[in-house]
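Survey of secondary and tertiary structure
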Amino acid sequence: MNQTTYWKNKKVFITGGTSGLGKALALQLDALEAQVAVLARTEKNLKTLAQNHPRIVEIQGDVSQKESIYPIVAETHSRLGDIEVLIHAASYLGATPLRLLVDTECEDMEQVLQTNVLGPFRLTKAFLPAMLLKQRGVVVNISSDAAVNAYEHWGSYSISKAAIDHQSRIFDEELKAQGIRFQSIDPGDMNTPMHFAAIPDANPDELRDPAESASKILQLIANQDFTPVRRAI
Ligand SMILES: NC(=O)c1ccc[n+]([C@@H]2O[C@H](COP(=O)([O-])OP(=O)(O)OC[C@H]3O[C@@H](n4cnc5c(N)ncnc54)[C@H](OP(=O)(O)O)[C@@H]3O)[C@@H](O)[C@H]2O)c1
């Protein structure tokens, strides 16, 4: 479908919308006249985004905190209404420099899973009832090539991304008959603060601009192209 037609006035919630891929998605959606809410923890970055893009609704919160989920969803509902597209872009790499799995603290593994798997699970569950009522909705989990490749030092992050891929597949299998579709998308290696934290000596010229990945993701959704559930773009 034509992107302009699909996205105009669509209500979209993006976790991690103040940086990298999430921000690129938010800016492109704002330009397409979607109604966008973004979630992040750092107030200053949220305020800057909202000042420069006054139509974007900024929500401060931490997706890894169980007790934050319902306040986030309630604030989103009161400021934007029912969400039609939910994009989970926020993510935690684990302690850097990245370390071998055997040297990973259990508490750090726990935080990675809270941010990258349980947070999206809880937030999805909290937004789902409104989607189910309308029998319509799209949920996108941002994955990684680390979900399918066993890279040394990327243990906890990789495990979380493999889990989110399968979470997407199972949700999709269970809910597609009711009009709710799930996608797990590996956006490629992008020039973002997260990539710099993971691999500080990478050559930025060899990394993709997150705007390129954002544009492909928005086109996929507008095309209603939901098979396979997990893909690399
Ligand atoms: N960059 C790459 O090369 C690459 C490759 C493959 C996959 N990915 C995936 O792509 C997605 C986006 O990555 P990126 O590189 O664009 O990241 P990024 O530039 O570091 O941005 C991360 C965003 O998430 C927010 N965030 C982090 N933890 C949060 C939390 N607990 N609650 C709410 N918001 C939180 C950050 O804001 P605050 O810190 O203010 O909360 C920020 O807005 C991630 O899922 C990542 O795993 C990235």
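Check the entry above for the structure.
Figured I'd write up the structure that's included with this text. Please read these numbers as outputs of a predicted model, since none were measured by experiment. (Residues numbered from 1 in each chain as written. Predicted model: local features only at pLDDT ≥ 70, side-chain atom pairs only at ≥ 80, totals over all residues.)

**Things to note about the site of the ligand**
Not every one of the 30 residues close to the ligand is listed here, only the nearest: G16, G20, T42, S91 and T192. Secondary-structure elements contributing two or more residues to the shell around the ligand are α2 (20–31), β2 (35–40) and α7 (193–198). (Near = placed C-beta within 6 Å. Helix = DSSP H or I, 4+ residues; strand = E, 2+ residues; numbered from the N terminus.)

**So, the nonpolar core**
Counting 46 residues, the largest nonpolar core has V12, I14, L25, V36 and V38 as its most contacted members. Setting aside its immediate chain neighbours within four residues, V12 contacts L29, A34, V36, I83, V85 and I87. In terms of nonpolar packing, the next biggest core, distinct from the first, is built from seven residues, L93, V112, L113 and W154 among them. (Core = buried A, V, L, I, M, F, W, Y, C linked by C-beta atoms within 7 Å. Buried ≥ 20, exposed ≤ 12 C-beta atoms within 10 Å, placed from the backbone. Contact = placed C-beta atoms within 7 Å.)

**Digging into the pairing of strand β1 (residues 11–15)**
Side-chain positions along a regular strand alternate between the two faces of the sheet. Most of β1 is tucked away: four of the five residues are buried. With α2 bridging β1 and its parallel neighbour β2, the resulting β-α-β unit is right-handed. Pairing between β1 and strand β4 (residues 85–88): four bridges, direction parallel. Across the sheet, F13 pairs through a bridge with L86, a residue of β4. (Right-handed = clockwise from strand over helix to strand, strands pointing away. Pairing = 2+ DSSP bridges.)

**Points about α2**
In this model α2 runs 17 Å from its N-terminal to its C-terminal C-alpha over twelve residues, within 8% of the 16 Å that 1.5 Å per residue would give. Of all twelve residues in α2, nine are buried; the element is thus mostly enclosed. Looking at α2, one finds that the buried residues are G20, L21, G22, K23, A24, L25, A26, L29 and D30. Backbone geometry just after α2 places E33 at a positive phi near 65°. (Expected span 1.5 Å × (residues − 1).)

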